Amino acid sequence: MESATHVRVESEVDIVLARQHGRAMAQELGFTTGNATIIATAISELARNIVQYAKHGEVLVGRIENGSRKGLVVMVRDQGPGISDVERAMQDGFSTSGRLGLGLPGVRRLMDEFDIHSEQGRGTTVTVTKWKV
Amino acid sequence: MAVPILKQGNTLIASIQSALTDTDLLVLRDVLLEQVGRYRSIGVIVDVTALDVMDSFSTRTLRDIAHMTRLRGAETVIVGIQPDVAFAMAQFGLTLEGICTRLDLEEGLSYLSDRRGPGSGG
């Protein structure tokens, strides 16, 4: 990830700041407004998981290049309780809070690449990428 | 940031002016639910034109607003979902099934007044 910028996420106001930051970066990189909205939606969802489950963490947004392809990569990480069953968390409708799902399946549908690493008691890192078309 | 709520006849119009935090959305839900009773409203319009993102939380809260106000006898119409937001919601898999949506405030108002029928006041 080149030239990543980061937003600390500790409260729900930071959810809004993080997604606005992601949208601004996406527009700077020349993404369509549609894809900028998609990126902002994914960040909103992932940042909310931090606030709800881990209390604090961070969102890193950076540009990425693969040959001639350019894209935007978002890393959302925390040192919270971690997800006990990642496979289940990736299924629609799963939630440990009993209210809302983690939104992870939706985020995976929004983005081109999705990677999650979670360790119980150590935290969760979700990395998502959107390529410019 | 508080969402201004306008009372027009027996309709409440909530115009979201900017990006909202989760708490702002929950406050809007509670205020609308309370005002439906206080003003004996039978229609509620939530204008989301200025909402930057509709994620699972905001979609869920709008759905709750529609269901709760319906239980109190008022129909909620969500207006102003922007094309990019609709695109992202569809990709995400978020729906507002069973909830009335209209293009914009004008369409929302005309839908509610049609439902009331001619001569019913407004």
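In the block above lies the structure referred to throughout.
Residues numbered from 1 in each chain as written. Chains lettered and ligands numbered in written order. Predicted model: local features only at pLDDT ≥ 70, side-chain atom pairs only at ≥ 80, totals over all residues. Heavy atoms only, no water.

*Asks:* I'd like a description of the overall build of chain A, backed by residues and values.
*Replies:* A tally of regular secondary structure across chain A gives four helices and five strands. Counting from the amino terminus, chain A carries its helices and strands in the arrangement β-α-α-β-β-α-α-β-β. Taking 133 residues into account, the globule formula puts the C-alpha radius of gyration at 14 Å, and chain A, at 14 Å, falls close to it. Seen through its C-alpha atoms, chain A measures out along the principal axes to roughly 40 × 25 × 25 Å. Put simply, chain A has 133 residues, and 53% of those count as buried. Pairs at least 24 residues apart make up 62% of the contacts formed inside chain A by residues separated by at least 6 positions. (Helix = DSSP H or I, 4+ residues; strand = E, 2+ residues; numbered from the N terminus. Rg over C-alpha atoms; globule rule 2.2 N^0.38 Å. Buried < 20%, exposed > 50% of the residue type's maximum accessible area, 1.4 Å probe, protein only. Contact = heavy atoms within 4.5 Å.)

*Asks:* Describe in detail unusual backbone geometry, supporting the description with residues and values.
*Replies:* Notably, Lys55(A) is not glycine yet its phi reads approximately 70 degrees, a positive angle. Inspection of the secondary structure assignment puts Lys55(A) in the loop between helix H2 (33–54) and strand S2 (57–66). One non-glycine residue, Arg40(B), lies in the positive phi region at around 50 degrees. With respect to the helices, strands and loops of the structure, Arg40(B) is situated in the loop between helix H1 (22–38) and strand S3 (43–47).

*Asks:* A description of H2(A) should follow, citing residues and the corresponding values.
*Replies:* The terminal C-alpha atoms of H2(A) lie 30 Å apart, and with 22 residues this matches the ideal 32 Å at 1.5 Å per residue to within 8%. The first or second residue beyond H2(A) is Lys55(A), which carries a positive phi of 70 degrees. (Expected span 1.5 Å × (residues − 1).)

*Asks:* Got a sec to walk through the packing of H1(B) against helix H2 (residues 56–71) of chain B? Specific residues and values, please.
*Replies:* Residues and elements named next belong to chain B. Their axes nearest at 10 Å, the elements H1 and H2 cross at an angle of 5 degrees. On the basis of the axis angle, H1 is roughly parallel to H2. Of H2, the residues touching H1 (which contributes Asp22, Leu25, Leu26, Leu28, Arg29, Leu32, Leu33 and Val36) are Phe57, Ser58, Thr61, Asp64, Ile65, Met68 and Thr69. Counted by class, the contact of H1 with H2 contains nine nonpolar, three polar and three charged residues. (Axes fitted to C-alpha atoms, helices over the stretch in contact; angles between N-to-C directions. Parallel < 35°, antiparallel > 145°, perpendicular 65-115°, else oblique. Nonpolar A, V, L, I, M, F, W, Y, C, P; charged D, E, K, R; others polar.)

*Asks:* Which residues make up the interface of chain A and chain B, and what values go with them?
*Replies:* Taken together, the contacts link 23 residues of chain A with 19 residues of chain B. For the chain A and chain B pair, buried surface summed over both sides reaches about 1800 Å², with 53% attributable to carbon and sulfur atoms. For the pair chain A and chain B, the number of links is three salt bridges. Ionic pairing is found between Asp55(B) and Arg48(A), a salt bridge with its closest N-O pair at 2.9 Å. Taken together, chain A and chain B are joined by 10 residue pairs in polar contact (both at pLDDT 80 or more). For the side of chain A that touches chain B, the secondary structure elements donating two or more residues are helix H1 (12–28), H2 and helix H4 (104–110) of chain A. The leading source of residues in the side of chain A that touches chain B is H2(A), at nine residues. (Buried area = accessible area lost by both parts, 1.4 Å probe. Salt bridge = Lys/Arg side-chain N within 4 Å of Asp/Glu carboxyl O. Polar contact = N/O pair within 3.5 Å; in protein donor to acceptor, adjacent residues only side chain to side chain.)

*Asks:* Quick one: what's the story with helix H3 (residues 83–92) of chain B, residue by residue and with numbers?
*Replies:* Buried within H3(B) are the following residues: Val85(B), Ala88(B), Met89(B) and Phe92(B). Axial view of H3(B): buried residues confined to an arc of 100 degrees, hence all on one face. With respect to the buried face of H3(B), the exposed residues turned more than 90 degrees away are Pro83(B) and Ala90(B). Looking at the packing, one finds that the buried side of H3(B) touches H2 and H4 of chain A together with H2 of chain B. (Arc of directions from axis to C-beta.)

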